[in-house]
Amino acid sequence: MSIRVGPPVPILRIFDVDRALEFYCGYLGFRQDWEHRFEPGLPAYIQVSRSELVLHLSEHYGDGSPNTALWIPVSDVEALHRELIDQQHGYSRPGIDPDAPGGPTMCVIDPFGNTLRFCQKG
């Protein structure tokens, strides 16, 4: 019997649910799959996804740490770049590094210091 192991689901630390959802869902095009709180007013734990990418966003102390970096493979980094630039987001104007290790890469930093490196494999 072979044990299957799935891909990891990164947990990113956030400090404000509304800002996180505006950034991940409004700007990056994720959808919110679900939200959990043990009681109203307690920290939130949220799952967001886009295509095959699943992220957990947590307000809980000890879940993840700010300034985490994720390397995320994408099929067309230039199309994703155009999608984001066309939105004219107030504080995010990412560029593409064509010579990054692993292929052309666009870095986007969320409002909590986490870096998402979208990379098109060469």
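See the structure shown above.
Comments concerning the sheet that holds strand β5 (residues 69–73)
Consideration 1: Read across the open sheet, the 4 strands follow the order β5-β8-β7-β6; overall the sheet is mixed. One side of each edge strand has no neighbouring strand; the edge strands of this open sheet are β5 and β6 (96–97).
Consideration 2: The pairing of β5 with strand β8 (residues 115–119) spans 5 bridges and is parallel. Among the inter-strand pairings, W71 is bridged to a residue of β8, identified as R117.
Consideration 3: This element, helix α2 (residues 77–86), spans β6, β7 (105–109) and β8 of the sheet and lies at about 35 degrees to β7.

Let's talk about the nonpolar core
Consideration 1: In this structure, Y24, L28, L55, L57, V108 and F118 are the most contacted members of the largest nonpolar core, which totals 27 residues.
Consideration 2: Sort the elements by how many residues they give to this core and helix α1 (residues 17–27) lands first, with 6 residues.
Consideration 3: With residues near it in sequence (within four places) discarded, V108 still touches F23, Y27, L28, L84, S92, P94, N114, T115, L116 and F118.

A closer look at the environment of L55
Consideration 1: With respect to the element layout, L55 can be found in strand β4 (residues 53–58).
Consideration 2: Given the relative accessible area of 0%, L55 is considered buried.
Consideration 3: Separated by 43 residues in the primary sequence, L55 and L12 place their C-alpha atoms 7.4 Å from one another.

Brief notes about the pattern of salt bridges
Consideration 1: Applying the stated rule across the entire model yields 4 salt bridges.
Consideration 2: Of the charged contacts, one joins E35 and R37 as a salt bridge, the two residues approaching to 2.8 Å between their closest N and O atoms.
Consideration 3: Given the relative accessible area of 37%, E35 is considered partly exposed.
Consideration 4: In this structure, E59 and R37 form a salt bridge, with 3.9 Å as the shortest nitrogen-oxygen distance.

Considering α1
Consideration 1: Among all positions of α1, only V17, A20, L21, F23, Y24 and Y27 are buried.
Consideration 2: One side-chain oxygen of the residue at the start of α1 lies 3.0 Å from the amide nitrogen of D18, identifying that residue as D16.
Consideration 3: One or two steps after α1, the chain reaches G29, where phi turns positive at roughly 85 degrees.

Remarks on the sheet that holds strand β3 (residues 45–50)
Consideration 1: The strand order β1-β4-β3-β2 describes an open sheet built from 4 strands, whose pairing is mixed. Here the strands that pair on one side only, and so sit at the sheet edges, are β1 (11–13) and β2 (31–36). Adjacent strand axes in the sheet meet at a mean angle of 25 degrees, parallel and antiparallel pairs treated alike.
Consideration 2: With 3 bridges connecting them, β1 and β4 associate as parallel partners.

A short note on the packing of aromatic side chains
Consideration 1: Across all of its chains, the model carries 5 aromatic pairs by this definition.
Consideration 2: Considering the side-chain rings of W34 and Y45, the 6.0 Å spacing of their centres and the 20 degrees angle between planes classify their relative orientation as stacked. Taken as a pair, W34 in strand β2 and Y45 in strand β3 lie far apart in primary sequence, 11 residues in all.
Consideration 3: Judged by relative accessible area, W34 falls into the partly exposed class, the value being 36%.
Consideration 4: Each member of the aromatic cluster is reached from another via a ring pair, and the members are F23, Y24, Y27 and F30.

What counts, and where the lines are drawn
Residues numbered from 1 in each chain as written. Predicted model: local features only at pLDDT ≥ 70, side-chain atom pairs only at ≥ 80, totals over all residues. Heavy atoms only, no water. Pairing = 2+ DSSP bridges. Helix = DSSP H or I, 4+ residues; strand = E, 2+ residues; numbered from the N terminus. Contact = heavy atoms within 4.5 Å. Axes fitted to C-alpha atoms, helices over the stretch in contact; angles between N-to-C directions. Core = buried A, V, L, I, M, F, W, Y, C linked by side-chain atoms within 4.5 Å. Buried < 20%, exposed > 50% of the residue type's maximum accessible area, 1.4 Å probe, protein only. Salt bridge = Lys/Arg side-chain N within 4 Å of Asp/Glu carboxyl O. Polar contact = N/O pair within 3.5 Å; in protein donor to acceptor, adjacent residues only side chain to side chain. Phe/Tyr/Trp six-rings, centres within 6.5 Å; stacked < 30°, edge-to-face > 60°.

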